[in-house]
Amino acid sequence: MQLLKDRREDLIAGAVTAGLGAFILVEAVGYRLGTVRSMGPGYFPMLLAMCMCVLGVLLVVLSEPSPAEGETDKSQFADKRGVVMVTAAFLAFAVLIERAGLVPAVGLAVFLSALANRATNLVTAVILAVVTAGTCWLIFNLALGLQIKAFV
Amino acid sequence: MMELFHNLGIGLGVAASMAGLGYCFLGVTLGTLVGVLPGIGTMATLAMLLPITFHVDANYALIMLAGIYYGAAYGGSTASILLNLPGTATSAVTGIDGYPMAQKGQAGLALFVTAIASCFGSMFGVVLLSLFSVPLARVALQFGPQEYFALMFLGLIAASLIGSGRSIRSLAAVTLGLALGLVGLDLNSGVARFTFGMPEFFDGLPLVAIAIGLFGLPEIIANAGRVVRSSASAKDISFRSMLPTRAQWKRTAMPMLRGSAIGSFFGALPGTGGVVATFISYATEKKISRHPEEFGKGAIEGVTAPEAANNAAVQSAFIPTLSLGIPGDPVMAIMLGVMMIHGILPGPSVISDSPDLFWGLVVSFVIGNVFLLVLNLPLIGIWVRILSIPYNLLFPVIVAFVCIGIYSVNYQVMDLFVLLAFGFLGWGMKALNFEVAPLLLGFVLGPMMEENFRRALVISNGEVSTFLARPISGTIMVATFLIIGYYVVQGLRKVLSRKMVSAESHNV
């Protein structure tokens, strides 16, 4: 068991690789394969999928104990608030851009992402959101004439 | 020779026009700005500024986008040296010795030699670009699908094996990227592949959204909570303090030349680019230096060589892009995308069909690098001051611009969801120690590779040996297999020695 645990990282990586390969293989075989001389839409994906399966198996077979914890850089997404708020900002923009228009979409996206940082208080976030939304309206609607409505 | 001058004259006409100069200046200034600011990569900037270029003539659009690209290569080192926060991935190496130099009070000197080395490397790359692109394009007119496939195969193998400690993972990432590149309607049969019934994906997955999802999003999120203010102040850096002594000039000359050569080589090879070039040139300098113990503690060679390499690579990356139509990295893929938006089909005929575009770009590189010297030497204080803008006020604005940029490429909300999805994919890959760069390269080359693979086998009547039978593609294929063989042997050695060690430890 300890052996498996030490090699967890390589084993998961291998399993995911092989799994994706298998998934692509199933999909690819569903399209027409054709022959080497005249390949159908499934042929090249099938080759790729087989490569991935082989690579996944290699990763599992050659798995090594991963280096001690802390050596790998896991700090990327350590800040939960950052992840949640920035994701929310992008989602808000995606939801609002066609339903409400550029100005509300930008405003909410800026407001939400500003709150990802603990140093920013509510008032600053609101001011920043209003100013950015106004500037974007000036640049993209007035100056560049982009095909996005400011308000719907 | 006369031909070259004639061509440069054409280029001068485009690049030295008011519009040419204006867009070039705009591009390099924005590029430096973005390079200086940690948290926005080149890809994110290109995406933010793409909407602007849709309204501009193709020549100027490319001049500006290219300016952003190599301007960022200059600016990236500034934050790297002053704060040890690399503004771009390629400038991480510069910080290894640049930051210790700044701590020793040599920040001005470090910034000065960086700018000089960057300019030298760029010029080196531009000279190679203007000398080799035309003959290469001429040869490439004879290329069949076999040669194109072989070149891309070499590029992908080189990108995933050279300079990567985890070869199998990189190969897996490249393969997944290739498969992702196939999403959409198959041009030969009209079958919708991997679209899962969503018509938004019929044209393929959006490159810009994927690139920013993989590279930009993790960085934005990682920096979202950052409060630290920069401690660097512009007052410390007088122009006098920047000038190197004669001995220091001497120490930087050769590393600059070697860095440029290494950079040009890896830049021109499709697949490997600035990042690989900077690491290899740093390692080379450390190996041949007479005082390797100084490296990491503020060796001036450790700053100049990688910077020269980085900038040379940026310029020489245009060689395969413009003369073959094969993008060496994702930024180049965006360049090709912009060309296509403006109705120019990338390939070996671009140089002869639109000489004003190619030579205008070449001349604009020279002009842009002169602009950059001015921006980065006498005006360095401005960028240092920008570093002290509180990041918590800056990044929400970045988020907004990225949103608008991505949405305005296709006016599809789906692209924003793709961005988020690939952000999480990139995070998952990092957690399992996969590199994301090979995936993106595979994605870019996927459709082209399949197309050439199919065509080659149609022409040869299904003979797979056709890739080896033709002289040029055969040579490239053999070189590729030699690289693969080398890494397989190395891998086997590692496995065997590990077995030996574990066997011994069991005996004890």
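What counts, and at which threshold
- Residues numbered from 1 in each chain as written.
- Chains lettered and ligands numbered in written order.
- Predicted model: local features only at pLDDT ≥ 70, side-chain atom pairs only at ≥ 80, totals over all residues.
- Helix = DSSP H or I, 4+ residues; strand = E, 2+ residues; numbered from the N terminus.
- Rg over C-alpha atoms; globule rule 2.2 N^0.38 Å.
- Buried ≥ 20, exposed ≤ 12 C-beta atoms within 10 Å, placed from the backbone.
- Contact = placed C-beta atoms within 7 Å.
- Domains from an automatic or database assignment.
- Expected span 1.5 Å × (residues − 1).
- Bend = angle between axes of the 7 residues up to and from the residue.
- Axes fitted to C-alpha atoms, helices over the stretch in contact; angles between N-to-C directions.
- Parallel < 35°, antiparallel > 145°, perpendicular 65-115°, else oblique.
- Nonpolar A, V, L, I, M, F, W, Y, C, P; charged D, E, K, R; others polar.
- Core = buried A, V, L, I, M, F, W, Y, C linked by C-beta atoms within 7 Å.
- Left-handed = near helix turned anticlockwise from the far one by under 90°.
- pLDDT = per-residue confidence, 0-100.

## Structural notes on the overall build of chain B
Thinking step 1. A tally of regular secondary structure across chain B gives 23 helices and two strands.
Thinking step 2. For chain B, the C-alpha radius of gyration of 23 Å lies close to 23 Å, the compact-globule estimate for 508 residues.
Thinking step 3. Overall, the C-alpha framework of chain B stretches about 75 × 70 × 50 Å when taken along its three principal axes.
Thinking step 4. Across the 508 residues that make up chain B, the buried fraction comes to 58%.

## Comments concerning the overall build of chain A
Thinking step 1. A count of helices and strands for chain A gives six helices and zero strands.
Thinking step 2. Order of helices (α) and strands (β) in chain A, N terminus to C terminus: α-α-α-α-α-α.
Thinking step 3. Relative to a compact globule of 152 residues, whose C-alpha radius of gyration would be 15 Å, chain A shows 24 Å and is clearly more extended.
Thinking step 4. Dimensions of chain A, computed from C-alpha atoms along their principal axes, come out at roughly 55 × 50 × 20 Å.
Thinking step 5. A buried classification covers 39% of the 152 residues belonging to chain A.
Thinking step 6. Put simply, 58% of the contacts in chain A that link residues at least 6 apart link residues at least 24 apart.

## Points about the domain arrangement of chain A
Thinking step 1. Taken as a whole, chain A is organised into domain 1 (2-61) and domain 2 (77-143).
Thinking step 2. Inter-centroid distance (C-alpha atoms) of domain 1 of chain A to domain 2 of chain A is 40 Å.

## Topic: helix H7 (residues 145-161) of chain B
Thinking step 1. Helix length check: H7(B), at 17 residues, gives a terminal C-alpha distance of 24 Å against a target of 24 Å (1.5 Å per residue), a fit within 8%.
Thinking step 2. For H7(B), the tally of buried residues reaches 16 of 17 residues, placing the bulk of the element in the interior.

## A closer look at the environment of B:Leu62
Residue and element names in this part refer to chain B.
Thinking step 1. Its location among the elements puts Leu62 in helix H4 (residues 58-83).
Thinking step 2. For Leu62, a count of 27 C-beta atoms within 10 Å translates into the label buried.
Thinking step 3. Remark: the alpha-carbon pair of Leu62 and Leu336, spanning 274 residues in sequence, is separated by 9.2 Å.
Thinking step 4. Those residues in contact with Leu62, other than ones at most four positions away along the chain, are Met335, Val338, Met339, Leu357 and Leu361.

## Quick look at helix H6 (residues 107-140) of chain B
Residue and element names in this part refer to chain B.
Thinking step 1. For H6, spanning 34 residues, the distance from its first C-alpha to its last is 46 Å, which sits close to the expected 50 Å at 1.5 Å a residue.
Thinking step 2. The axis of H6 is deflected most strongly, by about 35 degrees, at Phe132, and proline Pro135 appears within four residues downstream.
Thinking step 3. Judged by how many residues are buried, H6 sits mostly within the fold: 25 of 34 residues are covered.

## As for the packing of helix H9 (residues 207-224) of chain B against helix H21 (residues 437-459) of chain B
All names here are of chain B.
Thinking step 1. H21 packs onto H9 with a crossing angle of 175 degrees between their chain directions and a minimal axis gap of 10 Å. Taken together, H9 and H21 sit at an angle that is classed as roughly antiparallel. Note on element contacts: H21 touches H9 through Leu439, Leu440, Phe443 and Val444, opposite Leu207, Ile210, Ala211 and Leu214.
Thinking step 2. Taken together, the residues that form the contact of H9 with H21 break down as eight nonpolar, no polar and no charged.

## Topic: the nonpolar core
Side chains of a nonpolar character, in soluble globular proteins, are inclined to be buried together.
Thinking step 1. Counting residues in each nonpolar core, the largest one holds 223 residues, and the members touching the most others are A:Phe93, A:Ala109, B:Ile212, B:Val399 and B:Cys403.
Thinking step 2. It is H6(B) that provides the largest number of residues to this core, a total of 17 residues.
Thinking step 3. When residues no more than four places from it in sequence are discounted, the contact partners of B:Val399 are A:Val86, A:Ala89, A:Ala109, A:Val110, A:Ser113 and B:Ile220.

## What about the packing of H9(B) against helix H15 (residues 330-341) of chain B?
Residues and elements named next belong to chain B.
Thinking step 1. Packing of H9 against H15 brings their axes to within 11 Å, and their N-to-C directions diverge by 160 degrees. Comparing the axis directions of H9 and H15 gives the class roughly antiparallel. Both H9 and H15 take part in a crossing whose hand is left-handed. Note on element contacts: H15 touches H9 through Pro330, Ala333, Ile334 and Gly337, opposite Leu207, Val208 and Ala211.
Thinking step 2. The class makeup of the residues in the contact of H9 with H15 is six nonpolar, one polar and no charged.

## Brief notes about the environment of B:Pro292
All names here are of chain B.
Thinking step 1. Residue position: Pro292 is located in the loop between helix H12 (274-288) and helix H13 (301-316).
Thinking step 2. For Pro292, a count of 14 C-beta atoms within 10 Å gives the class partly exposed.
Thinking step 3. Distance from Pro292 to Gly302, taken between C-alpha atoms, is 9.9 Å for residues ten residues apart in sequence.

## Some thoughts on the confidence of the model for chain B
All names here are of chain B.
Thinking step 1. Of all residues in chain B, 94% attain a pLDDT of 70 or more, and the chain-wide mean is 85.
Thinking step 2. The lowest-confidence element of chain B is helix H10 (residues 239-242), averaging 71 in pLDDT; the highest-confidence one is helix H8 (residues 167-181), averaging 92.
Thinking step 3. As a predicted assembly, this complex carries a pTM of 0.85 together with an ipTM value of 0.89.

## Regarding the confidence of the model for chain A
Thinking step 1. Here chain A averages 86 in pLDDT, and 90% of its residues register 70 or above.
Thinking step 2. Taken as a whole, residues 70-77 of chain A scores under 50 in pLDDT and shows nine contacts with residues more than four places along the chain or in a different chain.

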